[in-house]
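# Results of the structural survey
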Amino acid sequence: MSKRTLLPAGVVLLALALSPPGASAQGQNQPVRILVGAGGGYLSHSISWDDRTGSSLLNAGYGAVRLGIEFPQKASIALLAGFGGNGWNGLVFRGLPLSVDYQAGAIGAIFLGAELELPLARFGNWEVGLGGQYLFSIGSTGNWTLTGLNQVGTFDGRADWMRVQAGPSLTYRGFETFSPYAAVFFDRLWGDFTMNENINPLVGTEQKDIRGQGVVGASLGMIIEPGTSFRLKAEGSLIPFTRIEGGLALSAGLSLQAIVLF
């Protein structure tokens, strides 16, 4: 668990070290501002487990608030916290007293994370930048009852997962209030799901080590700025991957943010 807590701290330290020097001389005259935001995200990410002998979809959605700092030239670092749910339908646990094909729907979770945006260069109306996000989902424990048995049984499950995304972006700044952008990114998702089963006197525990399928993705988005203190940002992303059973497929994600600057 120590590595998990060190990752967000590393992102914050990196941003604080890099953002101010990346601003131009003209940008140094701009104020450092407080960033407060709210929004949500959704992802439908293909995952593999049992050393890629099984696969399913992780469907996750969350709402979150953001608090951060925006430096000159719109370089920023922000922390986020929110609540949502993770759907794990399709995971199969074969090593318990009785096998379980999980189809119980979403389980509530707390979402924590950090985000970094760093403009690197400007060529006319085009801006090249670097962005990154670390997202940590801390799942709650779900409890269920096994039916159709001679004796009542119970099982419970809990899952945590993490995702890192980072890569370059290209933004067009030629419009007054609207800025479309495109990005490519490295994507890494990993975690674990632990299931416990109790059919007295039989008990069992099984853990799935989860890995996201696909390591490189692309996104398209837009930034709407009707004023200097308010910003809307919407983005959609796709991650291609090769199915375990063969063939290509896509994982998808959506996000929406409303940001106020002070």
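I will try to describe carefully the structure that is included in this document. In this text the structure is predicted, and so the values were computed from the model without any measurement.

### Side note on the overall build of the protein
Of regular secondary structure, the protein possesses one helix and 14 strands. Looking at the protein residue by residue over its 262 residues, the buried ones come to 42%. Accessible surface, the protein: about 13100 Å² in total, of which carbon and sulfur atoms supply 63%.

### Remarks on the packing of aromatic side chains
In total, this model carries ten aromatic pairs according to the counting rule given. Residues F93 and F193 carry aromatic rings whose centres are separated by 5.4 Å and whose planes lie at 50° to one another, so their mutual orientation is tilted. Highlighted residues: F93 in strand β4 (residues 92-93) and F193 in strand β10 (residues 178-199), separated in sequence by 100 residues. By the burial criterion, F93 is buried, and F193 matches it. Put simply, the rings of W88, F93, Y102, W144, F155 and F193 pair up and form one aromatic cluster. One cation-aromatic arrangement involves R188 over W190; the distance from NZ or CZ to the ring centre is 4.6 Å. The ring of F93 is capped by K208, whose NZ or CZ atom sits 5.5 Å from the centre of that ring.

### Structural notes on the nonpolar core
Residues L58, W88, F93, Y102, W161, F193 and M195 are the most contacted members of the largest nonpolar core, which totals 29 residues. Apart from residues lying up to four places away in sequence, F93 is in contact with S99, V100, Y102, F193, M195, E206 and K208. Of all hydrophobic cores here, the second largest spans five residues; its members include F71, A75, I77 and L118.

### Regarding empty space enclosed by the protein
This structure, assessed with the given rule, holds two cavities of 30 Å³ or more. Computed from the structure, the second largest cavity encloses a volume of approximately 30 Å³. Take the lining of the second largest cavity: its biggest share by element is three residues, from strand β6 (residues 106-123). Of the residues in the lining of the second largest cavity, the class split is four nonpolar, four polar and no charged.

### Overview of the pattern of salt bridges
As enumerated under the stated definition, the model contains 13 salt bridges in all. One salt bridge in this structure joins D50 and K208, with 2.7 Å as the shortest N-O distance. Of this pair, D50 sits in the loop between β1 (33-49) and β2 (54-70) while K208 is found in strand β11 (residues 202-212), placing the two residues 158 residues apart along the sequence. The salt bridge involving E225 is made with R231; its shortest N-O contact spans 3.1 Å. Classification of E225 by relative accessible area gives buried; the value is 15%.

### Re the pairing of β10
Sheet analysis places strand β9 (residues 153-172) next to β10, joined by 16 bridges and oriented antiparallel. Each bridged residue has a counterpart across the sheet, and for R163 the counterpart in β10 is L189. Linking β9 back to β10 in an antiparallel pair, the connection comprises five residues. Relative to strand β12 (residues 216-227), β10 runs antiparallel, the two being bridged by nine bridges. Each bridged residue has a counterpart across the sheet, and for P180 the counterpart in β12 is M222. With ten bridges joining them, β10 and β11 adopt antiparallel strand pairing. Bridge pairing in β11 places M195 opposite E206. Between the end of β10 and the start of β11, which pair antiparallel, lie two residues.

### Let's talk about the environment of D50
Of the residues examined, D50 reaches a relative accessible area of 28% and is grouped as partly exposed. Considering only alpha carbons, one finds D50 and K208, 158 residues apart in sequence, at a separation of 6.7 Å.

### What to know about the pairing of β11
For a regular strand, side chains alternate in direction, first toward one face of the sheet and then toward the other. As paired strands, β1 and β11 are joined by two bridges and run antiparallel to one another. Residue pairing across strands places I47 opposite G212, the latter belonging to β11.

### Things to note about unusual backbone geometry
Here N200 and P201 are connected by a cis peptide whose omega angle stands at 10°. You can see P201 is positioned in the loop between β10 and β11. One non-glycine residue, R52, lies in the positive phi region at around 65°. By secondary structure assignment, the location of R52 is in the loop between β1 and β2. Residue classification places R52 among the partly exposed residues on the basis of a relative accessible area of 42%.

Criteria and cut-off values
Residues numbered from 1 in each chain as written. Predicted model: local features only at pLDDT ≥ 70, side-chain atom pairs only at ≥ 80, totals over all residues. Heavy atoms only, no water. Helix = DSSP H or I, 4+ residues; strand = E, 2+ residues; numbered from the N terminus. Buried < 20%, exposed > 50% of the residue type's maximum accessible area, 1.4 Å probe, protein only. Areas by Shrake-Rupley, 256 points an atom, 1.4 Å probe, with all protein chains shown as cover. Phe/Tyr/Trp six-rings, centres within 6.5 Å; stacked < 30°, edge-to-face > 60°. Lys NZ or Arg CZ within 6 Å of the ring centre and 35° of its normal. Core = buried A, V, L, I, M, F, W, Y, C linked by side-chain atoms within 4.5 Å. Contact = heavy atoms within 4.5 Å. 1 Å grid on protein atoms, 1.4 Å probe; cavity = no way out; pocket = protein on both sides within 12 Å on 5 of 7 lines; lining within 4 Å. Points joined across faces, edges and corners; volume = space filled by probe spheres on them. Nonpolar A, V, L, I, M, F, W, Y, C, P; charged D, E, K, R; others polar. Salt bridge = Lys/Arg side-chain N within 4 Å of Asp/Glu carboxyl O. Pairing = 2+ DSSP bridges.

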